[in-house]
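Residues per chain, in single letters:
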Amino acid sequence: MRVRTAIGGAALGLLAVFLIVVLFARQIAHPTVIAVVPETTAQEIWESEHAGAAHAAQAYGWKIYWNGPSREDDFPRQVQIVQQAIARKVGGLVLSPDHDVVLISAVQAALDKKIPTVIVGSPLGISPGSNLTFVVNDDIATGRLAAERAASFLKSGDSVAILGMNPNLLSSIERANAFEDAIEKRIPGIRIEERRSTSVSSSEAEETAEDVIHADPRLRVIFSLNVNQSRAAYGALLSTKSEGKIALIACDQDLDLLHHLRSGGIDSLIAQNTYVMGYDAIQALHKQLAGEHTERRIVVPPVLITRDNIDSQSVQQVLDMNWRVQE
Amino acid sequence: MSRPTVLPRTVFYLAIAALVLLCGVFGWFYWSRANSSPNHIYQLRDGKLEGSQAYGGTWGVVDDAVRNNSDERGAKLVTGSEKWKDYTLTADLKFDGEHGDMGVIVRSTDEEEGVDAYNGYYIGLRTTDATLILGRSDYGWIEARPVPMPGGVHAGVWYRLVVTAVGCRIAASSQNLSTMQTAWIAVEEQPCAAAGRIGLRSLATGGLWKNIGVKPAALSDYLALSSHAAAVGHPEFPKREADYNRIFRFSPSYGAAVQLPGPAEASSRPLLHTGDLQDLPRHQDRPVSLRGVVTYATRDLYVQDAEGGVFVTGARMPLLNVGDEVEVTGYTQPGLYSSTIRGGIVKLLWGGTPTPPIAVTALQAASGAYDARFVELEGRLTGIRQSEPNVQVLQFVQGGQPFSALYVNQPSGSLPQLEVNSILRIRGVCVLDRKVTREITPFAILLRSNDDIETIAPPPWWTPVHIVMLFIALIGLALLIQLIYFRIQAWQANAITQERERLAHDIHDTMAQSFAGVGYQIQGIRSGVQRKDHPEFRHIADQLDVAYQLVRKSHEEASRTIAMLNVSAPDMQNELVESLASTARKIAGDHIDTETAIEGTPFRLNLRLANALLHIGQEAITNAMSHANPTALAITLRYHEPNVELIVEDNGGGFNYSRETAGFGIMGMQKRAQSVGGQLQIASAPGKGTRVSVTAISRPTTLRARVAATAAERFHILAKWLRAA
């Protein structure tokens, strides 16, 4: 009787252990997942953020969930992705918002669920707090760098166009304002043409650029504020045969824009250091989760890229897109 | 019966468990093998690829091919099993335009909507650098060094992709089916995505796929492809910009005018916006040009810019997809809410990404503010009908505002499974044109594909049918409760009756028998007196003493019966035989010779069984004394775990026993025996005495022990049955 009881007990014990292993294996095996949601996954500028976040997360054994809209103005899809991430109970959220107001409620929902959140790139229309950190580009520096570069092509009486100002993104406004302030101080009497657009339609952006080029023969510099507008402005320079006459200073990096920079179609490009932003965002999340003091606003300086420095180590580090961390 | 030893039984159980485990492992192995080897030529049923799931894009079927009519970045159509491992996928594909990527996915899992939102491998042709590419997607993209496609990659040309994945090796070929020029690529990756579904994928272009098939593959199939490849690479790009710039051949320009020069008339007019068209004079056709994004593409177009939308009809145009950026030149007259451009030319400028919809309410849509624009809204589906061949109409209502959604040029059956009264979210172009709405609803939504329909909530349960069903269920439940109540009442009445019967038997077995004994003693005294044999006073006193003892015994029995209603007598089980012998002596005095015996190793009897044996024994003794005039009585209690047997045997007159003629006393004994699961046997014949025996199983005394014993008994029976089988 005792032998049978012992065998039965052992079998039941083994069964219990097996069930526990099966039931809890997923939780044991799965590391903390951090959702990193860029403005879009269709532009290489955000691949650098992916790389920075992945490298930082490796140190903590975290896994990165990376997904975003297929275009940078698709904020409904971005809201949906954030909501899905919240539903999955991610350990943290890193968001590069497509709209400075629309995404507030989604971020608030994450904070309500005690999910630490970091805003990367363009700031959101709310104040950072204990669980909400901003790791943003220094847009004022971007505007000033662009003005400094533009000044070398301009003299009093010339015109400069600022294209792609998007009221949905605070960074866009800040860059434009900083550029205007700096260029007016540097070259008094400069004429500034400013065009706003909330659309990322390339044809509309190109049409706008062509209009500006046709309308003002004294135009010497185009300062374009985002990837889409820079592509369109480059197309407009080609279509109006204005290469060499008008310098194009672009904001934000993308492979084709950098290729055009190398080939001379684009004068210079002011890159956001999204690699560092992604890296710092994960560090900030780690501090938040550890209950350590976190800076509420981290400002990352931009990098001016020209044909002279594009192959330098420091610039190529900014343009690192290798998100695949080697184990 | 000899008890089996522990070891053989344990071995038997272990053997059964091992057999079950073996069967399970074999079944799992067979099942996994059966599911890991695909062999399928895909049929295009009901206007869609069998068992497919779309993630982005505007998917449909045109003739014998699957078509994505959208420039969505990373649009996917996935099918097959996650367990598929080593296989060869074949598909023919054709680009709509000169930009973008098209190809197939293998070993895909965890798919979501998004550019690289899946875990698997993508093999495709890329127009921008005219290469065959193979890479790994894991919510991020990393590719091997691309291989130039001889003759380039062009729109309108069919290419055949053959992809073989074996282990962690993947090889592919791409063949231009017009020129038969071919490129090969091979990749190894460790660790790799080892199994997954197949799929079709495009990025920033629309196109067609056909002749899609999948079959099992072996290493030889991989080697047959990879042997043509220049090298076996591995996913490594992009790294840094400079690395990528060295290997990637960028197309000369993204500029529209440089890439795709249009007719002179297109650029001779100033470009307008859709908002400007409404300010033009009415009743006069005016030539216009505008740029925008295609939101709906069939023979006619809907084009949208930042200010609104416009309907383009009767224009010459290339093959266009949703998301294409175009320049439209033609003649227009302002309409009520939006304009129509007739005739003219549509020029493709850029391959783009489809415009996200504007979320509106039905009331806003009905106001005309969103006419010809791409919108998204929710509504309750009220009906589905076919208005004309290949036009299916979904009818909706939202906040009392009815509207319809038209699914044009799709065969019946191509719609997903939709239930009336469910809440759906639909995306499409909002149209207030009465030719479209037929004046039935204020506006209609033109759907592009099944993916424009999303079920938000199923129909509510409170439909009339469901309410009737619920009512019937409630009535049924009430009847059931009533039935259970009646049954409980019946059980209660039955229990009371049984208890009364038990009390009757107790009284009969105890006090009635004692009274019989008293009567027997008084009768003896009376007989002696009547015979005038001058019995000694001492003898009479003895008989009276016995009668007194019987009366006292009756009193005790009455007390015990009352006590049994609540508590069992603790000594009954320990001194059963002695109690019975005492009963016999008290009834018969010295007239009979009473012998008692206990055989076997005594064990503790449970109270209920001991009580039943006592009363059965008492009844047997009383019957013997009353009717058989025995001179000897033997009382034996035989223990044979778990059985116990009580035998009361006398040498009296005996009788002819039959069940049919059994009296109240014998029936009482039988009932008592049955109540403890025992068996009563009576053997008697005239002149040969009577033998009453009752055999029962002694149940364990605690509840836990009883449950364990019952389970062991059932298991023992099952094992016996299995062995017999």
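Chains are numbered independently. Their residues run from 1 in the order of the written sequence. Chain labels run from A onward and ligand labels from 1 onward, assigned in the order the entries are written. In keeping with the predicted nature of the model, local features appear solely for residues at pLDDT of at least 70, side-chain atom pairs appear and are counted solely at 80 or more, and the whole-chain, interface and lining totals rest on all residues. Just so you know, side-chain values use all the structure's heavy atoms and leave hydrogens and water out.

## Quick look at the overall build of chain A
Logical step 1: Strands are runs of DSSP state E lasting at least two residues, helices are runs of H or I lasting at least four, and both sets are numbered from the N terminus onward. Scanning chain A for helices and strands turns up 11 helices and 12 strands.
Logical step 2: In chain A, which comprises 327 residues, the proportion classed as buried is 58%.
Logical step 3: Partitioning the intrachain contacts of chain A with sequence separation of at least 6 by distance along the chain shows that 73% fall at a separation of at least 24.
Logical step 4: When the accessible area of chain A is evaluated, it comes to approximately 13,400 Å², of which 54% is carbon and sulfur surface. A 1.4 Å probe rolled over the protein chains alone gives each residue an accessible area, and that area as a share of the maximum for its type sets the label: buried under 20%, exposed over 50%, partly exposed in between. Pairs of residues are marked as contacts when any of their non-hydrogen atoms sit within 4.5 Å. For every accessible area listed, the method is Shrake-Rupley and the probe measures 1.4 Å; residues are considered covered only by the protein chains on display.

## Digging into the sheet that holds strand S37 (residues 690-697) of chain B
What links the strands of a sheet is backbone hydrogen bonding, and the strands pair in either a parallel or an antiparallel sense.
Residue and element names in this part refer to chain B.
Logical step 1: Two strands pair if DSSP finds at least two bridges between them. The 5 strands lie next to each other as S33-S34-S35-S37-S36, forming an open sheet whose pairing is mixed. The sheet terminates laterally at strand S33 (593-599) and strand S36 (679-684), the two strands that pair on one side only. Neighbouring strand axes in the sheet, compared pairwise and without regard to direction, differ in orientation by 10° on average.
Logical step 2: In this sheet, strand S35 (residues 643-650) lies alongside strand S34 (residues 632-640) in antiparallel orientation, the contact comprising 8 bridges. To get an axis, fit a line to the C-alpha atoms, keeping to the stretch in contact for a helix; angles then go from 0 to 180 degrees between the N-to-C directions.

## Details of the packing of aromatic side chains
The way to describe two aromatic rings as a pair is by their centre distance and the angle between their planes.
All names here are of chain B.
Logical step 1: Centres within 6.5 Å make a pair out of two Phe, Tyr or Trp rings, where for Trp the six-membered ring is used; the pair is then stacked when the planes are under 30 degrees apart, edge-to-face when over 60, and tilted otherwise. Applying the stated rule across the entire model yields 13 aromatic pairs over all chains.
Logical step 2: Considering the side-chain rings of Trp 59 and Trp 209, the 5.3 Å spacing of their centres and the 40° angle between planes classify their relative orientation as tilted. Note that Trp 59 is positioned in strand S5 (residues 59-62) and Trp 209 in strand S18 (residues 207-216), a separation of 150 residues in sequence. The residues Trp 59 and Trp 209 share a single accessibility class, namely buried.
Logical step 3: Note on Phe 603 and Tyr 639: the rings are 5.1 Å apart at their centroids and 70° apart in plane angle, and the pair reads as edge-to-face. You can see Phe 603 sitting in the loop between S33 and helix H12 (607-628) and its partner Tyr 639 sitting in strand S34, a full 36 residues away along the chain.
Logical step 4: Aromatic ring contacts, followed pair by pair, group Tyr 296, Tyr 302 and Phe 311 into a single cluster.
Logical step 5: Placement of a positive charge over a ring is assigned whenever Lys NZ or Arg CZ falls within 6 Å of the ring centre and within 35 degrees of the normal to the ring plane. Over the face of the ring belonging to Phe 237 we find Lys 239, whose NZ or CZ atom lies 5.4 Å from the ring centre.

## So, the environment of B:Tyr296
Logical step 1: Looking at where B:Tyr296 falls in the secondary structure, it is placed in strand S21 (residues 286-297).
Logical step 2: With residues near it in sequence (within four places) discarded, B:Tyr296 still touches B:Leu301, B:Tyr302, B:Val322, B:Val408, B:Val429, B:Leu446, B:Leu447 and B:Arg448.

## Considerations on the pairing of strand S9 (residues 247-251) of chain A
Residues and elements named next belong to chain A.
Logical step 1: Counting buried positions along S9 yields 5 of 5 residues, so the element is predominantly enclosed.
Logical step 2: Side chains of S9 alternate between two faces, with Ala 247, Ile 249 and Cys 251 and Leu 248 and Ala 250 buried alike.
Logical step 3: Bridge analysis of strand S8 (residues 219-224) against S9 gives 4 bridges, and the strand direction is parallel. Residue pairing for S9: Ser 224 is matched across the bridge by Ala 250.
Logical step 4: Viewed with both strands pointing away, a crossover whose connecting path from the first strand over the helix to the second turns clockwise is right-handed. After leaving S8, the chain enters helix H8 (residues 227-239) and then returns to the sheet as S9, a path that is right-handed.
Logical step 5: Relative to strand S10 (residues 268-271), S9 runs parallel, the two sharing 3 bridges. From the neighbouring strand, Ile 249 faces S10, where its bridge partner is Ser 268.

## Quick word on the interface of chain A and chain B
Logical step 1: Listed by partner, the interface residues are 50 residues for chain A and 49 residues for chain B.
Logical step 2: Area buried by chain A at its contact with chain B is led by A:Glu207, A:Trp323 and A:Arg324, which between them contribute 15% of it.
Logical step 3: One side-chain nitrogen of Lys or Arg within 4 Å of one carboxyl oxygen of Asp or Glu is enough to make a salt bridge. Here chain A is connected to chain B by 5 salt bridges.
Logical step 4: Residue B:Glu112 is joined to A:Arg88 by a salt bridge in which the shortest nitrogen-to-oxygen separation is 2.1 Å. Accessible area that two parts lose when put together, evaluated with a 1.4 Å probe and summed over both, is termed the buried area.

## So, the nonpolar core
Residues and elements named next belong to chain B.
Logical step 1: Within this scheme, the nonpolar core is defined by two criteria: the residues are buried Ala, Val, Leu, Ile, Met, Phe, Trp, Tyr or Cys, and they are joined through side-chain atoms within 4.5 Å. The biggest cluster of nonpolar side chains holds 43 residues, and the ones touching the most others in it are Trp 59, Leu 93, Val 104, Ile 123, Leu 125, Leu 200 and Ile 212.
Logical step 2: Counting residues per element, this core draws most heavily on strand S8 (residues 87-95), at 5 residues.
Logical step 3: When neighbours within four sequence positions are excluded, Ile 123 is seen to be in contact with Gly 103, Val 104, Val 106, Leu 132, Ile 133, Leu 134, Leu 161, Val 163 and Ala 172.
Logical step 4: The next biggest cluster of nonpolar side chains, apart from the first, holds 40 residues, and it includes Ala 547, Ala 612, Ala 620 and Val 648.

## Focus on empty space enclosed by the protein
Logical step 1: Using a grid of 1 Å spacing that covers the protein atoms alone, one calls a set of points a cavity when a 1.4 Å probe fits there but cannot get out, and a pocket when the set is open and has protein on both sides within 12 Å along at least five of seven lines; lining residues are those with an atom within 4 Å of a point. Grid points are joined across faces, edges and corners, and a volume is the space filled by probe spheres set on the points. Taken as a whole and assessed by the stated rule, the structure comprises 6 cavities of 30 Å³ or more.
Logical step 2: If you add up the space inside the largest cavity, you get close to 1,000 Å³.
Logical step 3: Lining of the largest cavity is provided by 43 residues; of these, A:Ala42, A:Glu44, A:Arg231, B:Arg73 and B:Leu203 occupy positions nearest its centre.
Logical step 4: At the level of elements, helix H2 (44-60), H8 and helix H9 (255-263) of chain A together with strand S10 (119-126), strand S12 (141-143), strand S17 (197-203) and strand S25 (339-350) of chain B are the ones that each hand at least two residues to the lining of the largest cavity.
Logical step 5: Any residue that is not Ala, Val, Leu, Ile, Met, Phe, Trp, Tyr, Cys, Pro, Asp, Glu, Lys or Arg is counted as polar, Gly included; the first ten are nonpolar and the last four charged. Class assignment for the residues of the lining of the largest cavity results in 17 nonpolar, 12 polar and 14 charged.

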